[in-house]
Amino acid sequence: MIFDLHSHTNFSDGALTPQDLISRATEKGVDALAITDHDTIDAYKVLADKHDNIELVAGIEFSTQWESNGIHVLGLNIDLDSDAINTGAQFQTEARLIRARSIGEKLAKKGIQDAFEGASKLAHSGYVGRPHFAQYLIDIGKVSSMQAAFKKYLGAGKAGDVKQHWASLTQIIEWIRGANGIAVLAHPLKYKMTNTKLKRMLDEFQQMGGQGIEVVSGQQLPQQTQYLAQLCVQKNLLASCGSDFHMPGKHWAELGVFSPLPEKVTPVWDRF
Ligand code: MN
Ligand code: MN
Ligand code: MN
């Protein structure tokens, strides 16, 4: 069985519609797929519960912060109808919009009008982020490329560099657990923390109710997989795996394409 428990649709920053994502996963031989859009479960609202040849695992990828690090936490096998997950998704969506409006106001002070409205029109279902502002700036002829948009208006230290205020890690884990889901730290090696810091974070994560880590995230080095599997065993964490697929054409993050979990770990799906 191939479980791909991390993927995105165009309800967040993915390129495919939920149905196209499922078709592609089926073609790639995935047996069980979790759609884990950033801070939203809206993709599931346009999908049927049952699909031929593939099992859907309800999921979400929450953004939060731990100390000064932005981190991502997956909620897997969640109850989509629970108050907890709906409250959580709504809170995070609102947080994203507050920030987007603030970016719009800051750009207005730089003489760029209606940037929030313009960016919103380019975004799908309220998922407005800096790439949409960048596209708007290109469309109105203020800059000639994404790179230029970030360099001049949106990147670090520029007008559009507005801090994001996500719900706390404790709160997010509470929402996931409240929806009878399993809280899994996504791609632990992407945060560029030292081993000591990562272990300290995982201790806190577990104290808060976090249960697993993503041991395999797309194509990665065998020693990375071994290191994370070892952490699972040491800390008695569940192991998850997924491609983190966003769009076709990225061979390191293709649906179902990653090495299997090492035998010594307990797969997260044992608890589904
Ligand atoms: Mn993404
Ligand atoms: Mn992520
Ligand atoms: Mn992701």
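This text goes with the structure placed above it.
Residues numbered from 1 in each chain as written. Chains lettered and ligands numbered in written order. Predicted model: local features only at pLDDT ≥ 70, side-chain atom pairs only at ≥ 80, totals over all residues. Heavy atoms only, no water.

J.: Whenever I open this one, the overall build of the protein chain confuses me. Can you help?
T.: When you go through the protein chain residue by residue, the secondary structure sums to 8 helices and 8 strands. Taken over the C-alpha trace, the protein chain has a radius of gyration of 19 Å; the compact-globule value for 272 residues is 19 Å, and the two agree within 12%. For the protein chain, buried positions account for 53% of its 272 residues. Nonlocal contacts in the protein chain, meaning residues at least 24 apart in sequence, comprise 69% of its contacts between residues at least 6 apart. (Helix = DSSP H or I, 4+ residues; strand = E, 2+ residues; numbered from the N terminus. Rg over C-alpha atoms; globule rule 2.2 N^0.38 Å. Buried < 20%, exposed > 50% of the residue type's maximum accessible area, 1.4 Å probe, protein only. Contact = heavy atoms within 4.5 Å.)

J.: Mind showing me how you'd approach the pattern of salt bridges here?
T.: Note on pairing: side chains with opposite charge can pair once their charged atoms come close. In total, this model carries 7 salt bridges according to the counting rule given. When the shortest N-O distance is used, the salt bridge between E67 and R200 registers 2.8 Å. Of this pair, E67 sits in the loop between strand 3 (55-66) and strand 4 (69-76) while R200 sits in helix 7 (residues 195-207), placing them 133 residues apart in sequence. (Salt bridge = Lys/Arg side-chain N within 4 Å of Asp/Glu carboxyl O.)

J.: Can you help me understand the coordination of the manganese ion (ligand 3) in this one?
T.: A metal bound by six donors in octahedral fashion has ideal angles of 90 or 180 degrees, whereas one bound by four tetrahedral donors has an ideal angle of 109.5 degrees. Taken together, H6 (NE2), H8 (NE2), E61 (OE) and D244 (OD) make up the full set of protein donors to the manganese ion (ligand 3), lying 2.1 to 2.2 Å away. Linear spacing of the donor residues for the manganese ion (ligand 3) on their chain is H-x1-H-x52-E-x182-D. The manganese ion (ligand 1) is placed at 4.7 Å from the manganese ion (ligand 3). With E61 in strand 3 and D244 in the loop between strand 7 (238-242) and strand 8 (266-267), the pair connects residues that are 183 residues apart, well separated along the chain. When its relative accessible area of 11% is taken as the criterion, D244 is described as buried. (Donors = N, O, S within 2.8 Å, 3.2 Å for Na, K, Ca; no water.)

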